[in-house]
Amino acid sequence: MSARRVLVVCALLVLVVAGCDRHGNDVAGRGDGRSTPVEPAWREATLPVPPGPAGRLVLRDAVSCAGVWFLVGGVVDATGGSRPAAWSSTDGSTWLPVPVAASTFYGRQHVLYAAACAAGRVAALGAKNGGVHGNPRTGTWVRDGDGPLREVPAAFELFGGPRAVSVARVAAGAQGWLIAGARADGAAVWTSPDAGGFTLAEGLPELAGDARGRTAAYDAVALPVGWLVVGSLLPAGGTALRPMAWTSVDGRSWRRAELPVPDGRGRAERVVPRDGGPVAVGAVSDGFAVWRADDGSRWRQVGGFGAAGAGVLSVVGLAVVGGALVAVTGDGVGRAVWVSTDGGVSWRSVRVPLPVADGGDTALTVAGGDGRLLLLADDGRGSHAWWGRV
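Residues numbered from 1 in each chain as written. Predicted model: local features only at pLDDT ≥ 70, side-chain atom pairs only at ≥ 80, totals over all residues. Heavy atoms only, no water.

Chemist: Would you mind going over the overall build of the protein with me for this structure?
Modeler: What the protein contains, in helices and strands, is three helices and 29 strands. Partitioning the intrachain contacts of the protein with sequence separation of at least 6 by distance along the chain shows that 47% fall at a separation of at least 24. (Helix = DSSP H or I, 4+ residues; strand = E, 2+ residues; numbered from the N terminus. Contact = heavy atoms within 4.5 Å.)

Chemist: Any chance you could explain the sheet that holds strand β19 (residues 270–272) here in plain terms?
Modeler: Think of a sheet as strands paired side by side through backbone hydrogen bonds, with each pair either parallel or antiparallel. Taken together, four strands build an open sheet; the order of strands is β19-β20-β21-β22 and the sheet is antiparallel. Since the sheet does not close on itself, it has two edges, and those belong to β19 and β22 (299–305), each with one partner. Shown here is a sheet whose adjacent strand axes are inclined to one another by a mean of 25°, direction ignored. Strand direction decides the pairing type here: strand β20 (residues 279–284) and strand β21 (residues 287–293), joined by six bridges, are antiparallel. From the neighbouring strand, V279 faces β21, where its bridge partner is R292. (Pairing = 2+ DSSP bridges. Axes fitted to C-alpha atoms, helices over the stretch in contact; angles between N-to-C directions.)

Chemist: What should I look at first to understand the state of the cysteines in this one?
Modeler: In protein chemistry, a disulfide is the covalent bond that joins the sulfur atoms of two cysteines. Following the criterion strictly, the structure yields one disulfide and no others. One disulfide in the model links C65 with C117; its S-S distance is 1.8 Å. Here C65 and C117 share a disulfide; its torsion about the S-S bond, 95°, makes the bridge right-handed. One end of the pair, C65, is in strand β2 (residues 56–65); the other, C117, is in strand β7 (residues 111–118), with 52 residues separating them in the sequence. By relative accessible area, C117 is classed as buried at 13%. (Disulfide = S-S within 2.5 Å. Buried < 20%, exposed > 50% of the residue type's maximum accessible area, 1.4 Å probe, protein only.)

Chemist: I keep staring at the nonpolar core and nothing clicks. Help me out?
Modeler: Nonpolar side chains in soluble globular proteins tend to be buried together. In this structure, F159, V170, W177, I179, W190 and F198 are the most contacted members of the largest nonpolar core, which totals 18 residues. When contributions to this core are tallied by element, the ones reaching two or more residues are β7, β8 (121–130), α3 (156–159), β11 (164–173), β12 (176–183) and β13 (186–192). The element contributing the most residues to this core is β7, with three residues. (Core = buried A, V, L, I, M, F, W, Y, C linked by side-chain atoms within 4.5 Å.)

Chemist: Explain the pairing of β11 to me, please; I cannot follow it from the model alone.
Modeler: The side chains of a regular strand alternate, residue by residue, between the two faces of the sheet. Strand direction decides the pairing type here: β11 and β12, joined by eight bridges, are antiparallel. When the sheet's bridge partners are listed, V170 is paired in β12 with I179. With antiparallel pairing between neighbouring strands as the criterion, β11 and β12 make up a hairpin whose turn holds two residues.

Chemist: What am I meant to see in the packing of aromatic side chains here?
Modeler: Aromatic ring pairs: the centre-centre distance and the angle between the two ring planes describe each pair. Tallying each qualifying case throughout the model produces six aromatic pairs. Stacked on the ring of W387, the Lys or Arg R372 has its end atom at 4.2 Å from the ring centre. (Phe/Tyr/Trp six-rings, centres within 6.5 Å; stacked < 30°, edge-to-face > 60°. Lys NZ or Arg CZ within 6 Å of the ring centre and 35° of its normal.)

Chemist: How should I be thinking about the sheet that holds strand β29 (residues 383–388) in this particular structure?
Modeler: With respect to topology, four strands assemble into an open sheet ordered β1-β29-β28-β27, the strand pairing being antiparallel. At either end of the open sheet lies a strand with only one pairing partner, and these are β1 (43–45) and β27 (363–369). Within this sheet the neighbouring strands show an average axis-to-axis angle of 25°, counted without direction. Pairing of β27 with strand β28 (residues 372–378), which is carried by seven bridges, proceeds in the antiparallel orientation. Within the sheet, the bridge partner assigned to A367 lies in β28 and is L374.

Chemist: I keep staring at the pattern of salt bridges and nothing clicks. Help me out?
Modeler: Here the idea is simple: oppositely charged side chains can pair when their charged atoms come close. Tallying each qualifying case throughout the model produces 19 salt bridges. Where salt bridges share partners, they join R56, R60, D361 and D378 into one cluster. (Salt bridge = Lys/Arg side-chain N within 4 Å of Asp/Glu carboxyl O.)

Chemist: How should I be thinking about the confidence of the model for the protein in this particular structure?
Modeler: It should be kept in mind that the predicted coordinates are not to be read in detail where pLDDT is low. Summing up the model confidence of the protein, the mean pLDDT is 90 and the portion of residues at 70 or higher is 89%. Here residues 1–29 is modelled with pLDDT under 50, and outside its nearest four sequence neighbours on either side it reaches 25 contacts, counting other chains as well. (pLDDT = per-residue confidence, 0-100.)

Chemist: For this particular structure, what's the right way to read unusual backbone geometry?
Modeler: When glycine is set aside, most residues are seen to have a negative phi, and most peptide bonds are trans. Positive phi, normally seen in glycine, also occurs at A119, with a value near 50°. Here A119 lies in the loop between β7 and β8. Judged by relative accessible area, A119 falls into the exposed class, the value being 85%. For E206, which is not glycine, the phi torsion reads 75° and is therefore positive.

Chemist: Is there a simple way to think about the side chain of R83 in this case?
Modeler: Mapped onto the fold, R83 is located in strand β4 (residues 82–89). One buried charged residue, R83, remains without a salt bridge, the closest side chain of opposite sign being D77 at 7.3 Å. Among the polar contacts made by the side chain of R83, one reaches the main-chain carbonyl oxygen of P53 at a distance of 2.5 Å. Among residues more than four places away in sequence, those in contact with R83 are P50, P51, G52, P53, G74, V75, R108, Q109 and H110. (Lys, Arg positive; Asp, Glu negative; His and termini not counted. Polar contact = N/O pair within 3.5 Å; in protein donor to acceptor, adjacent residues only side chain to side chain.)

Chemist: Can you help me understand the environment of A66 in this one?
Modeler: By secondary structure assignment, the location of A66 is in the loop between β2 and β3 (68–76). What makes A66 exposed here is its relative accessible area of 86%.

Chemist: Would you explain the side chain of R270 in this entry?
Modeler: By the element assignment, R270 lies in strand β19. Buried and unpaired, R270 has D219 as its nearest opposite-charge partner, separated by 4.4 Å. At 3.4 Å, the side chain of R270 forms a polar contact with the backbone oxygen of V316. In this view, R270 contacts R169, Y218, D219, V230, V279, A280, V281, V315, V316, G317 and L318; residues no more than four positions away in its chain are not counted.

Chemist: Which parts of the structure should I look at to understand the pairing of strand β18 (residues 255–258)?
Modeler: One ladder, built from four bridges, connects strand β17 (residues 242–248) with β18; its direction is antiparallel. Counterpart to W246 in the pairing with β18 is R256.

Encoded structure:
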C-alpha cells in the first residue's frame with residue numbers, strides 16, 4: 001500500500017473513532033450540543049388569572065386526555081403566600097380557570113405540581129411546606145367532568161408523618177390510579193380505583209428497600225395490564241445509585257429489574273408509554289441514558305445524550321409528541337430540552353424561548369397531545385406556556 005493510501009486509511013480511522021463515544025453511539029446523534037438545535041415556531045398561550053387575590057402564576061404540569069388539556073400550578077402573591085390553580089382548554093388557544101375547592105388549611109395553600117387523567121377524570125398532587133419542620137404537606141385533588149377540582153381529605157400520615165420521604169408522580173390507566181414515591185423503608189406506591197381516596201402500600205417485597213439496598217420511586221405509567229414504576233437503588237454499603245424499574249399487575253406484588261448502564265451508576269427518573277414498549281430516561285455518570293423495555297421487564301439501553309455538567313444531573317420532564325420523545329433535563333446550572341424522533345436512539349437540543357436556571361423556585365416541563373408540544377417555563381419571576389411542533 002502506498003504512503004498516500006496509508007495516510008487516507010489512518011485519517012478515516014481517526015474520524016470513525018472520534019465519531020463514537022465509549023458506548024459505541026454516534027456522538028452527533030447522541031445529542032452532545034454539536035448538532036444544530038431544533039427551533040420550534042413557539043407560540044405563547046395566554047392564561048387568565050383565576051379569581052381571587054392577585055399574584056403571579058406558577059405553572060408546574062399539564063396533561064391531555066380525549067382532546068382536552070388540563071394545566072395545574074398555583075398563584076403566588078408578593079409575600080410568598082400561595083393558592084392552588086388549574087386551567088382547561090379544548091383547543092389550546094382559549095384557556096379557562098377551573099374552579100378549585102379546597103377543604104383544609106394547607107390545601108388552600110397548595111401549589112399543584114403533577115397531574116394525570118383518564119376516562120373524563122383528572123387527578124393532581126399538591127403540596128405546601130409547613131409545620132414545625134417545614135416539611136411538605138401533600139394531598140391529592142380530583143375533578144369529574146366539568147366540575148370543580150376538589151381536594152380529597154386524607155389523614156396526615158397517608159402522605160406525611162415521620163415515615164414520609166417523597167410523593168413524586170401520579171399515573172392513570174384502565175385499572176385505576178397510582179402514585180409513585182418513597183417512604184422510610186424505600187420505594188412505595190399509593191393506589192386508588194377512582195382517585196377519590198388513595199391507599200398507601202409501603203414495605204412491599206422487591207419494591208421497598210431490603211438487604212440489597214435502599215430504593216426510591218420517581219415516576220410511573222400504566223401498562224396494558226398493571227403498572228410500571230421507575231427509580232433507583234442505593235446498594236448496601238454503596239455510594240452510587242443504580243437505575244431500577246418495577247412492574248406489577250395489582251400494585252401489591254412487584255417484580256424488580258436493574259436497568260443496564262456500563263458502570264452501573266444512574267437513576268431512571270421519567271418514563272412514558274410508547275409503541276414498542278415503555279421508554280425511560282435518567283441521569284448516568286456521563287450524561288443521560290435512554291432505556292426501552294421490549295416486554296415491560298427486559299430493558300436495554302437504546303441511546304443517550306448530553307454531557308456531564310458541573311452539578312447534579314437530573315431528568316425533570318418527558319413526553320411523547322406525535323411519536324417523538326421530548327425530555328427536559330437539569331445540569332445544576334440550567335435546564336434544557338431535547339428531542340428524539342427515532343425512539344430515543346439519537347437526540348438534538350431544542351431552543352427554548354426562556355432560559356431557566358436549575359434549582360430554586362423554577363420549573364421547565366413539557367406535555368404532548370394531538371401532535372403538539374406544550375412547554376411550561378417558570379424562571380422564578382414569571383411563568384409562561386408555549387405551543388410548538390417537533
